[in-house]
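What follows is each chain in one-letter form.
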Amino acid sequence: MASSISTAVPAPQQAAVSTQDELTQKIPTQPLQVTKRLEKFKTTIFTQMSSLAIKHGAINLGQGFPNFDGPDFVKEAAIQAIRDGKNQYARGYGVPNLNSAVAERFKKDTGLVVDPEKEVTVTSGCTEAIAATMLGLINPGDEVILFAPFYDSYEATLSMAGAKIKCITLRPPDFSIPIDELKSVVSKNTRAILMNTPHNPTGKMFTQEELNAIASLCIENDLLVFSDEVYDKLAFEMDHISIASLPGMYERTVTMNSLGKTFSLTGWKIGWAIAPPHLTWGVRQAHSFLTFATSTPMQFAAATALRAPDSYYEELRRDYMAKKNILVEGLNSVGFTVFPSSGTYFVVVDHTTFGLENDVAFCEYLIKEVGVVAIPTSVFYLNPEEGKNLVRFTFCKDEETLKSAVERMKQKLSKK
């Protein structure tokens, strides 16, 4: 009996002799599955361009992450927190030390005093702060006004929330806000305006006059404002103004920010949302069921970072101004039309002088034939046609990388 059983059961190695190709042929191809609210969104343009960069050995001036490391004093604080055993789940809305540091920094920057326990919510990067704000405060059918071009997660998270998007396009050369057009799209169903200053991808900073106009419109129509301010410390040509600091605006504003851009630690994903208690409630409800909590040791390190002296921020701006000058001067010398950038670490240019049909075709040519990566801006518009003439470069790279990219473009790009 024992021998008959042993001969009836194949040996394990015999069951695994099929090649990968044979196994693949046996598995029927299945259509990709995704909900209707997300089916229009493809693999992000940043993933696509970064993959092409690796394949072609191109210099990546596309995705906005530095190719240099953050400051040692912040990294050492993270290491110390790990050694001190700060490694389990943090309190859902943030470790008290970081909440307090966020409130202290906000007071220093805006003059506003906020309660770190009731008005600060720590999130896994600003992208999660955006998602928690949309999902926690927007109902299906609510209208939300965006300024195009916009960071691509805005549209995706609003789609997840079931919002109806109204879009106002900012146009070159100065990307100013068309205030009359903005007023005309507000309706009885409008719930909020989602804004970003300093602005990705254009580098525009909203002026005092523009912010005053937005504030008046919101107060008059009882609208909320969701303000993404992750580049607030990268303001070169004017002082950054938080719209929450304007009269009558704090009680209707969620201010979102993060550690990554200011401290060159984008992989840590530490962000936060500041809002009055009645809005914080919705943000925290959504946050609780998105990530619940954020990396504990990194939160302790973030608290150390936010208490950095003003000299850190001054040096940061000086360093980035030098990088910006290298890139802008280089792009001008290559023959691009370069639009002004007052903040962020991005520059937008018009590529049409080089004869490619649109921004995607130009960026693919730039990677494959020149060896430099830029981002096509059409992905940042509801109507891609509005961005087909523009591409975005980043200067959050070391100076040698920027100079090398410029040199490649000088040698291999020619006007048509």
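The structure displayed is predicted, hence computed values, not measured ones. Counting of residues starts from 1 at the beginning of each chain's written sequence and follows it residue by residue. Two thresholds apply to this predicted model, a pLDDT of at least 70 for residue-level local features and 80 or more for giving and counting side-chain atom pairs, whereas whole-chain, interface and lining totals are computed over all residues. Hydrogens and waters are ignored; side-chain quantities use all the structure's heavy atoms.

Asks: Could you clarify how one ought to interpret the pattern of salt bridges in this entry?
Replies: Pairs can form between side chains of opposite charge whenever their charged atoms are close. Any carboxyl oxygen of Asp or Glu within 4 Å of a side-chain nitrogen of Lys or Arg constitutes a salt bridge here. The full count for this structure, using the stated rule, is 15 salt bridges. One salt bridge connects Glu-143 with Lys-166, and the closest N-O pair in it is separated by 3.4 Å. With Glu-143 in strand 3 (residues 143–148) and Lys-166 in strand 4 (residues 164–169), this residue pair connects regions lying 23 residues apart in the sequence. A 1.4 Å probe rolled over the protein chains alone gives each residue an accessible area, and that area as a share of the maximum for its type sets the label: buried under 20%, exposed over 50%, partly exposed in between. The exposure class assigned to Lys-166 is partly exposed, which follows from its relative accessible area of 27%. Between Arg-252 and Asp-222 there is a salt bridge, and its shortest N-O distance comes to 3.2 Å. With Arg-252 in the loop between strand 6 (224–228) and strand 7 (253–258) and Asp-222 in the loop between helix 9 (208–221) and strand 6, the pair connects residues that are 30 residues apart, well separated along the chain. Through salt bridges that share partners, Arg-105, Lys-108, Asp-109, Lys-233 and Asp-310 make up one connected network. Every helix listed is a DSSP run of H or I at least four residues long, and every strand listed is a run of E at least two residues long, numbered separately from the N terminus.

Asks: Explanation requested: the nonpolar core in the structure shown.
Replies: Soluble, globular proteins show a tendency: their nonpolar side chains are buried together. Counting residues in hydrophobic clusters, the biggest one holds 128 residues, and the most contacted among them are Phe-147, Ile-214, Phe-226, Phe-263, Phe-336, Phe-393 and Met-409. It is helix 13 (residues 310–334) that provides the largest number of residues to this core, a total of 8 residues. Definition used in this section: a nonpolar core is a set of buried Ala, Val, Leu, Ile, Met, Phe, Trp, Tyr and Cys residues joined via side-chain atoms within 4.5 Å.

Asks: Honestly, a nonpolar patch on the surface in this entry has me stumped. Any pointers?
Replies: A grouping of Leu-135, Met-160 and Leu-290 is seen on the molecular surface, where their side chains present a nonpolar patch of about 240 Å² in accessible area. Following the sequence through the fold, Leu-290 ends up in helix 11 (residues 277–290). By relative accessible area, Leu-290 is classed as partly exposed at 40%. Each patch groups residues whose relative accessible area exceeds 30% and which form no salt bridge, using 9 Å between like charges and 5 Å between nonpolar side chains of Val, Leu, Ile, Met, Phe, Trp and Tyr. Residue exposure ignores everything except the shown protein chains as possible cover, and the areas themselves are Shrake-Rupley values with a 1.4 Å probe.

Asks: Sorry if this is basic, but what is going on with a negative patch on the surface here?
Replies: Together, Glu-315, Asp-319, Glu-399 and Glu-400 give the surface a local cluster of negative charge. Put simply, the parts of the chain that give the negative patch at least two residues each are helix 13 and helix 15 (399–412). You can call Glu-399 partly exposed: its relative accessible area is 33%. Counting rule for charge: Lys and Arg are taken as positive, Asp and Glu as negative, and neither His nor the chain ends is counted. Every charge is mapped to an atom, namely NZ of Lys, CZ of Arg, CG of Asp or CD of Glu.

Asks: Looking at this model, I keep getting lost on the side chain of Glu-119. Mind explaining?
Replies: Relative to the helices and strands, Glu-119 resides in the loop between helix 5 (96–110) and strand 2 (120–123). Within the buried core, Glu-119 has no salt-bridge partner, and the shortest N-O distance to an opposite charge, that of Lys-118, equals 8.2 Å. Any pair of nitrogen or oxygen atoms within 3.5 Å is treated as a polar contact; in protein, a donor-acceptor pairing is required on top of that, and neighbouring residues in sequence qualify only through side-chain atoms on both sides. Here Tyr-250 takes part through its side chain, which lies 3.0 Å from a polar atom of the side chain of Glu-119. Pairs of residues are marked as contacts when any of their non-hydrogen atoms sit within 4.5 Å. Leaving out residues up to four positions away in the same chain, Glu-119 has contacts with Val-114, Tyr-250, Ala-273, Ile-274, Ala-275, Pro-276, Pro-277, Thr-280 and Arg-284.

Asks: Looking at this structure, I do not really get the environment of Glu-76. What am I missing?
Replies: By the element assignment, Glu-76 lies in helix 4 (residues 72–83). Judged by relative accessible area, Glu-76 falls into the partly exposed class, the value being 47%. Counting along the chain gives 176 residues from Glu-76 to Arg-252, while the straight-line C-alpha distance between them is 38 Å.

Asks: Would you mind showing me how to read the sheet that holds strand 8 (residues 271–274) here?
Replies: Pairing between sheet strands relies on hydrogen bonds along the backbone, with the strands arranged either parallel or antiparallel. A pair of strands is considered paired only if DSSP assigns at least 2 bridges between the two. The strand order 2-8-7-6-5-3-4 describes an open sheet built from 7 strands, whose pairing is mixed. The open sheet has two edge strands, strand 2 and strand 4, and neither has a second partner. Going from strand to strand, the sheet's axes swing by 20 degrees on average, the running direction of each strand aside. Here 4 bridges tie strand 6 to strand 7, and the two strands are oriented parallel to one another. Considered in strand 7, the bridge of Val-225 is made with Thr-253. The convention used is that axes are lines fitted to C-alpha atoms, helices contributing only their stretch in contact, and that angles between N-to-C directions extend from 0 to 180 degrees. Here helix 5 sits on the sheet in contact with strand 2, strand 7 and strand 8, set at roughly 115 degrees to strand 2. In the packing of helix 11 onto the sheet, contacts are made with strand 2, strand 6, strand 7 and strand 8, and the angle to strand 2 comes to roughly 25 degrees.

Asks: When you look at the confidence of the model for the chain in this model, what are you seeing that I'm missing?
Replies: The predicted coordinates should not be examined in detail at positions where pLDDT is low. Per-residue confidence for the chain gives a mean pLDDT of 93, with 93% of residues at or over 70. For every residue, the predictor reports its confidence as pLDDT, a number between 0 and 100. Low pLDDT, under 50, characterises residues 1–20; the predicted model gives this stretch 2 contacts beyond four residues in sequence or across chains.

Asks: I would appreciate a short explanation of the UniProt feature "domain: Aminotransferase class I/classII large" (unreviewed entry) in the chain in the present structure.
Replies: Mapped onto this structure's residue numbering, the UniProt feature "domain: Aminotransferase class I/classII large" (unreviewed entry) falls at residues 59–408. Secondary structure over residues 59–408 splits into 42% helix and 16% strand, and the C-alpha atoms at its two ends are 9 Å apart. UniProt positions are given in the numbering used here, feature names are shortened, and annotations may be inferred rather than shown by experiment.

Asks: Explain the environment of Leu-224 here, please?
Replies: Mapped onto the elements of the fold, Leu-224 is located in strand 6. Linking Leu-224 and Ile-326, residues 102 residues apart in sequence, is a C-alpha distance of 39 Å. Residues in contact with Leu-224, not counting those within four places in the same chain, are Arg-191, Ala-192, Ile-193, Cys-218, Arg-252 and Leu-279.

Asks: What am I meant to see in the packing of helix 4 against helix 12 (residues 296–306) here?
Replies: Packed helices, taken two at a time, are described by the angle their axes make and the gap between the axes. In the contact formed by helix 4 and helix 12, the axes pass within 8 Å of each other and the chain directions differ by 145 degrees. Along this stretch, helix 4 crosses helix 12, giving a crossing that reads as right-handed. Contact with helix 4, carried on its side by Phe-73, Val-74, Ala-77, Ala-78, Ala-81 and Ile-82, involves Pro-297, Met-298, Phe-300, Ala-301, Thr-304 and Ala-305 of helix 12 and no other residues of that element. Across the contact of helix 4 with helix 12, the residue classes break down as 11 nonpolar, 1 polar and no charged. Take the far helix as the reference: if the near one is turned anticlockwise from it by less than a right angle, the crossing is left-handed, and if turned clockwise, right-handed. Side-chain classes follow a simple rule in which Ala, Val, Leu, Ile, Met, Phe, Trp, Tyr, Cys and Pro form the nonpolar group, Asp, Glu, Lys and Arg form the charged group, and the remainder, Gly included, forms the polar group.

Asks: Got a minute to help me understand the packing of aromatic side chains in this structure?
Replies: For any two aromatic rings, the description comes down to two numbers: the centre-to-centre distance and the angle of the planes. Here a Phe, Tyr or Trp ring, Trp counted by its six-membered ring, pairs with any other such ring whose centre lies within 6.5 Å, and the pair is stacked when the planes are under 30 degrees apart, edge-to-face when over 60, and tilted otherwise. Tallying each qualifying case throughout the model produces 19 aromatic pairs. Summarising the aromatic geometry, the rings of Tyr-151 and Tyr-154 are spaced 5.7 Å apart at their centres and angled 90 degrees between planes, so their arrangement reads as edge-to-face. On the accessibility criterion, Tyr-151 (21% relative accessible area) is partly exposed. Look at Tyr-154 and you get buried, because its relative accessible area is 2%. Relative to Phe-346, the ring of Tyr-345 has its centre 5.2 Å away and its plane inclined at 75 degrees; by these criteria the two rings are edge-to-face.

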